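One letter stands for each residue in the lines below.
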Amino acid sequence: MTVFEKATREKFRYPSAKGQLTTEQLWELPLTAKSGFSLDDVAKAVNAELKAVDTESFVATEANPAKAIWEAKLEVVKHVIAVRLAEEQAAKAAAAKKLEKEKLLAVLGRKQDAVLENLTEAELMARINNL
């Protein structure tokens, strides 16, 4: 069973400043925010819960079942963060390429204008008549 299948079947909820969030709502959060309502804040809260249930016991013989749930929740949040970071990087790369293309087109336009400026009157008339 994948971690997302487990998250949806068990209806995972994640602590946040605005209350409990569903797995689907994680995708809508900003990566970071000053308001305390972001993926980073959710990851910190889940990690704190995991640490709280992971306290070592010298008497208990069985593992705390809540630990596995919090580990799965943290895995989901970390996956969402990784995907969102990759999307952000791809968007930045696409924006940089677009800017570079616009610059190159502007330079090409100026060079083409310079070539046209150097044509003789007869060459210009011939090109106009061919249009």
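One structure accompanies this document, and this report is about it.

Analysis parameters
Residues numbered from 1 in each chain as written. Predicted model: local features only at pLDDT ≥ 70, side-chain atom pairs only at ≥ 80, totals over all residues. Heavy atoms only, no water. Patch = residues over 30% accessible without salt bridge, like charges linked within 9 Å, V, L, I, M, F, W, Y side chains within 5 Å. Areas by Shrake-Rupley, 256 points an atom, 1.4 Å probe, with all protein chains shown as cover. Salt bridge = Lys/Arg side-chain N within 4 Å of Asp/Glu carboxyl O. Helix = DSSP H or I, 4+ residues; strand = E, 2+ residues; numbered from the N terminus. Buried < 20%, exposed > 50% of the residue type's maximum accessible area, 1.4 Å probe, protein only. Expected span 1.5 Å × (residues − 1). Contact = heavy atoms within 4.5 Å. Core = buried A, V, L, I, M, F, W, Y, C linked by side-chain atoms within 4.5 Å.

Structural notes on a nonpolar patch on the surface
- Taken together, the side chains of Leu116, Leu124, Met125 and Ile128 define a hydrophobic patch exposed on the protein surface, amounting to about 340 Å² of accessible area.
- A per-element tally of the nonpolar patch places helix α5 (residues 121-130) first, with three residues.
- As for its position among the elements, Leu116 is in helix α4 (residues 65-117).
- The exposure class of Leu116 is partly exposed, given its relative accessible area of 37%.

With respect to α4
- Between its first and last C-alpha, α4 extends 79 Å over 53 residues, near the 78 Å set by a 1.5 Å rise per residue.
- Buried within α4 are the following residues: Trp70, Ala72, Lys73, Leu74, Val76, Val77, Val80, Ile81 and Arg84.
- For α4, the elements touching its buried residues are α1 (3-9), β1 (13-14), α2 (23-26) and α3 (39-53).

Points about unusual backbone geometry
- One non-glycine residue, Lys11, lies in positive phi territory at about 50°.
- Examined against the element boundaries, Lys11 turns out to sit in the loop between α1 and β1.
- Taking relative accessible area as the criterion, Lys11 reaches 57% and is therefore assigned exposed.

What to know about the nonpolar core
- Core analysis: the largest hydrophobic core is formed by 22 residues, its most contacted members being Tyr14, Leu26, Val42 and Val77.
- Counting only elements with at least two residues in this core, the list comes to α1, α3 and α4.
- Looking at which element gives the most residues to this core, the answer is α4, with seven residues.
- Excluding residues that lie within four positions of it along the chain, Leu26 makes contacts with Tyr14, Leu39, Val42, Val76, Val77, Val80 and Arg84.

Some words on the pattern of salt bridges
- In the structure shown here, the tally under the stated rule is four salt bridges.
- Here Lys6 makes a salt bridge to Glu10, at a shortest N to O gap of 3.4 Å.
- Notably, a salt bridge pairs Glu71 with Lys67, separated by 3.9 Å at the nearest N-O pair. One end of the pair, Glu71, and the other, Lys67, are both in helix α4, four residues apart, so they sit about a helical turn from each other.

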